[in-house]
Amino acid sequence: MRLKNNVRVVFETTLVVNEVEARALDAMVGYGTKEFLRVFYEKLGKAYMEKHEKGLISLFGKIRSEMGSALCTVDKARKALTEEA
């Protein structure tokens, strides 16, 4: 018999942002991860961000995949409400 122990620690957090902050995030990721990192590294260096690059790529991907459609829904709702008034 062979016994193998697996220990896994998982951390998740929820970040709540308002519309203005959401639009800022959406605009920031609109530059693309590679372009953002190129300029970030050029202007601020790699000391802090380089070890978190995979996390930044994942974060930008999540923001790109979810934020745009959510903001589009807000825009459509706002337009529908103003057209009825």
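Structure first, text after, so check above.
To keep things clear, this report deals only with the structure shown in the data block. Keep in mind the model is a prediction, meaning the values are calculated, not measured. The written sequence of each chain sets the order in which its residues are numbered from 1. Local features are withheld for residues below a pLDDT of 70 in this predicted model, meaning they are given only at 70 or higher, and side-chain atom pairs are given and counted only at 80 or more; totals for whole chains, interfaces and linings count all residues. Note that water and hydrogens are dropped before the side-chain values are worked out from all heavy atoms of the structure.

Structural notes on the overall build of the protein chain
Right, on to step 1. Secondary structure summary: the protein chain contains three helices and zero strands in total.
Right, on to step 2. Of the regular secondary structure in the protein chain, the N- to C-terminal order runs α-α-α.
Right, on to step 3. The C-alpha radius of gyration computed for the protein chain amounts to 19 Å, which surpasses the reference 12 Å derived for 85 residues by more than 25%, pointing to a less compact arrangement than a globule.
Right, on to step 4. Each principal axis of the C-alpha atoms in the protein chain carries an extent, and together these give about 70 × 45 × 15 Å.
Right, on to step 5. Buried residues are those whose accessible area, probed at 1.4 Å on protein chains only, stays under 20% of the maximum for their type, while exposed residues exceed 50% and partly exposed ones sit between those limits. Every one of the 85 residues in the protein chain was classed for burial, and the buried ones make up 15%.
Right, on to step 6. Note on areas: these come from Shrake-Rupley sampling with a 1.4 Å probe, and a residue is covered only by the protein chains present in the view. Accessible area of the protein chain: about 7800 Å², with a carbon and sulfur share of 58%.
Right, on to step 7. Considering the protein chain, the positive charge centre built from 15 side chains and the negative charge centre built from 12 side chains are found 11 Å apart. Under the DSSP-based scheme used, a helix requires at least four consecutive residues in state H or I and a strand at least two consecutive residues in state E, with every element numbered from the N terminus. The globule rule used for comparison is 2.2 Å times the number of residues to the exponent 0.38, while the radius of gyration itself is calculated over C-alpha atoms. A positive count includes Lys and Arg, and a negative count includes Asp and Glu. His and the chain ends are not counted in either. Throughout, a charge is located at the NZ atom of Lys, the CZ atom of Arg, the CG atom of Asp or the CD atom of Glu.

Concerning the pattern of salt bridges
Right, on to step 1. Whenever Lys or Arg places a side-chain nitrogen within 4 Å of a carboxyl oxygen from Asp or Glu, that contact is recorded as a salt bridge. Under the criterion given, the structure shown has eight salt bridges.
Right, on to step 2. For arginine 23, the salt bridge is made with glutamate 19, and the minimal N-O distance between the two is 3.0 Å. A residue pair is termed a helical-turn pair when its members lie 3 or 4 positions apart in one helix, as arginine 23 and glutamate 19 do in helix H1 (residues 19–29) at four residues.
Right, on to step 3. Note on arginine 23: relative accessible area 30%, which makes it partly exposed.
Right, on to step 4. Classification of glutamate 19 by relative accessible area gives partly exposed; the value is 27%.
Right, on to step 5. Where glutamate 50 meets lysine 46, a salt bridge forms, and the shortest distance between an N and an O atom there is 3.9 Å.
Right, on to step 6. Note on glutamate 50: relative accessible area 44%, which makes it partly exposed.

A closer look at the nonpolar core
Right, on to step 1. What we call a nonpolar core is a set of buried Ala, Val, Leu, Ile, Met, Phe, Trp, Tyr and Cys residues that are connected through their side-chain atoms within 4.5 Å. Grouped together as the largest cluster of nonpolar side chains are 12 residues: Ala22, Leu25, Val29, Phe36, Leu37, Tyr41, Met49, Leu56, Phe60, Ile63, Met67 and Leu71.
Right, on to step 2. Elements with a minimum of two residues in this core: H1, helix H2 (33–44) and helix H3 (53–84).
Right, on to step 3. Whether two residues are in contact is decided by their heavy atoms, any of which lying within 4.5 Å being enough. Ignoring anything within four residues of it in the chain, the contact list for alanine 22 reads Val17, Met67 and Leu71.

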